[in-house]
Amino acid sequence: MREDNIHKEIELRSEEVQEVMNHIPSSILRYGISVLLGILFILLVGSTFFSYPDSIEAKMTLTTQAPPAYIIAKTAGRIEQLYVTNKQAIHERDIISVIQNTATTEDVLYLRENLKEWKFKHIITTPEAFGYMWECPDYFELDGKKFLSVSPQGLKREEFRFQNIYQSGYFPVKEDGSVDERDFREWDMGFDFYAPQTFTDNSGRRLLIGWMGMPDAEEEYTNKTIDEGWQHCLTVPRELRVKDGKIFQYPAKELERLRKEKTILDDEKSIVEVRVEVNEGFDLLIEDIAVTDRSFQISMGGQMLFKYENEIAEIGFSEIAGAGRNKRKAKVSELNNIRILADTSAVELYLNDGEIVFSTRYYPDREDLQLKVKGGKFRGNLWNLRKMIFTK
């Protein structure tokens, strides 16, 4: 064994073996270098044809740990007022701007702080059912007294009360917060009045505006303006005041600015006739009425007739002008004065400074009417009216 190992060591370390192991074949060396040079040459040549971009275009957003928030209004409109300046820091619940609208900003701000503080006090209702629904409630105070205005539906129609399909009126609210159906008083005795709302103006006056229309009345009467693509309108603003526990309504003083030339009505013969233009509209005021005949009447060219007889005030229409409207009545112990505002399709009558009011639509079949007043002594004035222009 030992001799065999000695022979192997001798063979591994012999000169012949060393020479073979240390000699690198020239072909491998030559071809290897050529391949490497070729690859390098291809890379150099290819770099002239395949360029790598010096810059890359891309969208980039710079932000912070607390990025700015986008604020999108929930409604479109013109900005009416800004509460912040450019680059001003704002915080949660800060008011930034007001978009033009019909609300009063101060009222909205008040409600914004107090809507969360509302507390249930009690339900205002009548001891017995008064219709099946009260629409458009409006609780307000006037001259130190409390009132609740509602538009009840489902009341039984009577000769002098609740003559329309639906009604609108008010309850005086008692000290304990209750109301009584016997105290309910209708706002308006005409054909077309519903869903009124009141508000106070900058001078503190309580004003009322009603919808001059009546829902679900199509089977009884209609509006000829439907053929022109519209129907219904609003009443003129009415100033409210309390007298003897009742609310009186009268056209707001500003409406007198619409008056143009005045015609004085002479009642020497207890009868007055004057022609009026329907398209212009007119304002008729008759005062100090003393009924001398069986009835006191105001006729508008046979299209509409107002009559006061036996303590009953009544309005009625011709078949064409009424478009289905016939008569409406109200009990009035005496008639001292009457004011009539009329235009092309709407009439409002105010009796005794607004103790009783009739609002109605009508559709005369002519452009001018012969206005006729008879049956009593009176002082009267008639004004043609300018067109009403709405501004901010």
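Computed from a predicted structure; not experimentally measured.

(A) Main features of the pairing of strand 16 (residues 304-309). Two strands pair when backbone bridges link them, and strand 15 (residues 296-300) and strand 16 are joined in this way by 5 bridges, in the antiparallel orientation. When the bridges of strand 16 are listed, Phe296 appears paired with Tyr308. Between strand 15 and strand 16, which pair antiparallel in sequence order, lie 3 residues; one of them, Gly301, sits at a positive phi of approximately 60 degrees. With 6 bridges joining them, strand 16 and strand 17 (residues 312-317) adopt antiparallel strand pairing. Note on strand 17: the bridge partner recorded for Leu305 is Gly316. Counted along the chain from strand 16 to the antiparallel partner strand 17, the turn is 2 residues long, and its residue Asn310 has a positive phi close to 55 degrees.

(B) The arrangement of the sheet that holds strand 14 (residues 282-291) in detail. Ordered by their spatial adjacency, 6 strands build an open sheet running 12-23-14-19-20-21, and the pairing between neighbours is antiparallel. Of all the strands in the sheet, just strand 12 (259-265) and strand 21 (356-361) have a single pairing partner and so form its edges. On average, each strand axis in the sheet is inclined to that of its neighbour by 15 degrees, with strand direction left out of account. Pairing analysis gives 5 bridges linking strand 19 (residues 338-342) to strand 20 (residues 346-351), with the strands arranged antiparallel.

(C) Seen up close, the sheet that holds strand 4 (residues 145-153). On the basis of which strands lie adjacent, the open sheet formed by 4 strands has the order 3-4-5-6 and antiparallel pairing. Lying at the two open borders of the sheet, with one neighbouring strand each, are strand 3 (133-142) and strand 6 (185-186). Inspection of the sheet shows strand 3 paired to strand 4 by 8 bridges, in the antiparallel sense. The residue bridging Trp134 from the neighbouring strand is Pro152, located in strand 4.

(D) Region of interest: unusual backbone geometry. Although it is not a glycine, Phe162 sits at a positive phi angle of roughly 55 degrees. Along the chain, Phe162 falls in the loop between strand 4 and strand 5 (169-172). Under the relative-accessibility criterion, Phe162 is labelled buried at 4%. Despite not being glycine, Asp244 shows a phi value in the positive range, around 55 degrees. Position of Asp244 relative to the elements: it lies in the loop between strand 10 (238-243) and strand 11 (246-251).

(E) View of the pattern of salt bridges. Following the criterion strictly, the structure yields 23 salt bridges and no others. With a shortest N-O distance of 3.2 Å, Lys329 and Glu159 are connected by a salt bridge. Here Lys329, found in strand 18 (residues 327-331), pairs with Glu159, found in the loop between strand 4 and strand 5; they are 170 residues apart in sequence, far enough to count as distant. The partly exposed category is assigned to Lys329, whose relative accessible area is 22%. Among the charged side chains, a network of salt bridges with common partners joins Lys253, Glu256, Arg259, Asp283 and Arg339.

(F) Region of interest: the side chain of Arg205. With respect to the helices and strands, Arg205 occurs in the loop between strand 7 (194-200) and strand 8 (206-212). According to the relative accessible area criterion, Arg205 is buried, its value standing at 17%. Within polar-contact distance, the side chain of Arg205 engages the side chain of Asp201 at 2.7 Å. Of the polar contacts made by the side chain of Arg205, one reaches the side chain of Glu254; its length is 2.7 Å. Beyond its immediate chain neighbours, meaning those up to four positions away, Arg205 contacts Phe199, Thr200, Glu239, Ala252, Lys253 and Glu254.

Definitions and limits used
- Residues numbered from 1 in each chain as written.
- Predicted model: local features only at pLDDT ≥ 70, side-chain atom pairs only at ≥ 80, totals over all residues.
- Heavy atoms only, no water.
- Pairing = 2+ DSSP bridges.
- Helix = DSSP H or I, 4+ residues; strand = E, 2+ residues; numbered from the N terminus.
- Axes fitted to C-alpha atoms, helices over the stretch in contact; angles between N-to-C directions.
- Buried < 20%, exposed > 50% of the residue type's maximum accessible area, 1.4 Å probe, protein only.
- Salt bridge = Lys/Arg side-chain N within 4 Å of Asp/Glu carboxyl O.
- Polar contact = N/O pair within 3.5 Å; in protein donor to acceptor, adjacent residues only side chain to side chain.
- Contact = heavy atoms within 4.5 Å.

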